[in-house]
Amino acid sequence: MEPVLAAAHRISRLGLWFGGTLVLLAAVLIGVDVVIRKFFSISIGGADELAGYALAIGTSWGLGAALIERAHIRIDSLYVLFPNALRVVLDVAGLVLFVGFFALVTWHGRLVLDQSWVSGSRSQSAIETPLILPQVVWFGGLLLFFAVGIVLLVEALRRILSGDAHGVVRMIGTRSAQEEVEEEIAALEVARKAGNGR
């Protein structure tokens, strides 16, 4: 299962870069549109529409990486006080609910995609985008997120059955302050070594 988890991590990281690039390009497009409107009194038609597509697509493609990196916001005031066994139960229950919710979102996303395809829907803007185009890319991100969630859930259950409760907490639990400090120190060490290598 480790190779599958590693592949999910790599693919999610690529999805994160793809989504982030789209959001950055949308911000540049909106910025250019604002400047052109201010100084030349013209507009790039559909900039807001394209930015909306970029935000939806970027978000869907970034969700998998956020799940693997344990970057989703969680309220953990009491969580850190619980024994490890209870943390594992809560983490697995949380992941099941999260993946279950996004299974419904993905299913409904598929219905939206089907409807756009059947009806040949287009946006109601000057560029009249065929809605199937941004929706299929958005749906791909939802599928990736759902697949990553299933991979993490299967791996968590495998680790539970093998008696590795600590590994489950490290994989799907809330990141502790100590873990975050250790990651920052490791990143600083890498940056320092890269700076000395020049």
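Residues numbered from 1 in each chain as written. Predicted model: local features only at pLDDT ≥ 70, side-chain atom pairs only at ≥ 80, totals over all residues. Heavy atoms only, no water.

Engineer: What should I look at first to understand the overall build of the protein in this one?
Structural biologist: The number of helices and strands found in the protein is 6 helices and 0 strands. Listed N to C, the secondary structure of the protein is α-α-α-α-α-α in terms of helices and strands. Taking 2.2 N^0.38 as the reference for a compact globule, 198 residues should give roughly 16 Å; the C-alpha atoms of the protein span a radius of gyration of 21 Å, well beyond that estimate. For the protein, the C-alpha atoms occupy an extent of roughly 60 × 50 × 35 Å along the three principal directions. Across the 198 residues of the protein, 33% fall into the buried class. Sequence-distant contacts in the protein: of pairs separated by 6 or more residues, those separated by 24 or more amount to 73%. (Helix = DSSP H or I, 4+ residues; strand = E, 2+ residues; numbered from the N terminus. Rg over C-alpha atoms; globule rule 2.2 N^0.38 Å. Buried < 20%, exposed > 50% of the residue type's maximum accessible area, 1.4 Å probe, protein only. Contact = heavy atoms within 4.5 Å.)

Engineer: Explain the confidence of the model for the protein here, please?
Structural biologist: The predicted structure's coordinates, where accompanied by low pLDDT, should not be read in detail. Overall, the predicted model of the protein reaches an average pLDDT of 90, with 98% of residues at or above 70. Ranking the elements of the protein by mean pLDDT puts helix α6 (residues 177-196) last with 82 and helix α4 (residues 132-161) first with 95. (pLDDT = per-residue confidence, 0-100.)

Engineer: Looking at this model, I keep getting lost on a nonpolar patch on the surface. Mind explaining?
Structural biologist: On the surface, a nonpolar cluster with roughly 460 Å² of combined accessible area is contributed by Val35, Phe39, Phe40 and Ile42. Position of Val35 relative to the elements: it lies in helix α1 (residues 2-40). Using a relative accessible area of 43% as the deciding quantity, one classes Val35 as partly exposed. (Patch = residues over 30% accessible without salt bridge, like charges linked within 9 Å, V, L, I, M, F, W, Y side chains within 5 Å. Areas by Shrake-Rupley, 256 points an atom, 1.4 Å probe, with all protein chains shown as cover. Salt bridge = Lys/Arg side-chain N within 4 Å of Asp/Glu carboxyl O.)

Engineer: Quick question: what am I supposed to make of the nonpolar core here?
Structural biologist: Generally speaking, nonpolar side chains in soluble globular proteins are found buried as a group. By size, the foremost hydrophobic cluster in this structure holds 25 residues, and its most contacted members are Leu95, Val148, Leu152 and Ile172. Among the secondary structure elements, those contributing two or more residues to this core are α1, α2 (47-68), α3 (84-119), α4 and α5 (165-172). Here this core gets 8 residues from one element, more than from any other, and that element is α4. When neighbours within four sequence positions are excluded, Ile172 is seen to be in contact with Arg70, Arg74, Asp91, Val92, Leu95, Leu152 and Ala156. (Core = buried A, V, L, I, M, F, W, Y, C linked by side-chain atoms within 4.5 Å.)

Engineer: Quick question: what am I supposed to make of the packing of α1 against α2 here?
Structural biologist: The relative placement of two packed helices is expressed as an angle between their axes plus a distance between the axes. Viewed as axis vectors pointing N to C, α1 and α2 meet at an angle of 155°, and their least axial separation amounts to 7 Å. The angle between α1 and α2 falls in the class roughly antiparallel. Helix-helix and strand crossings are classified by hand; for α1 and α2 the assignment is left-handed. Residue composition of the contact of α1 with α2, by class: 17 nonpolar, 7 polar and 3 charged. (Axes fitted to C-alpha atoms, helices over the stretch in contact; angles between N-to-C directions. Parallel < 35°, antiparallel > 145°, perpendicular 65-115°, else oblique. Left-handed = near helix turned anticlockwise from the far one by under 90°. Nonpolar A, V, L, I, M, F, W, Y, C, P; charged D, E, K, R; others polar.)

Engineer: Sorry, what's going on with the side chain of Asp91 here?
Structural biologist: Along the chain, Asp91 turns up in helix α3. For Asp91, the contacting residues outside a window of four places in its chain are Arg74, Tyr79, Val169, Ile172, Gly173 and Thr174.

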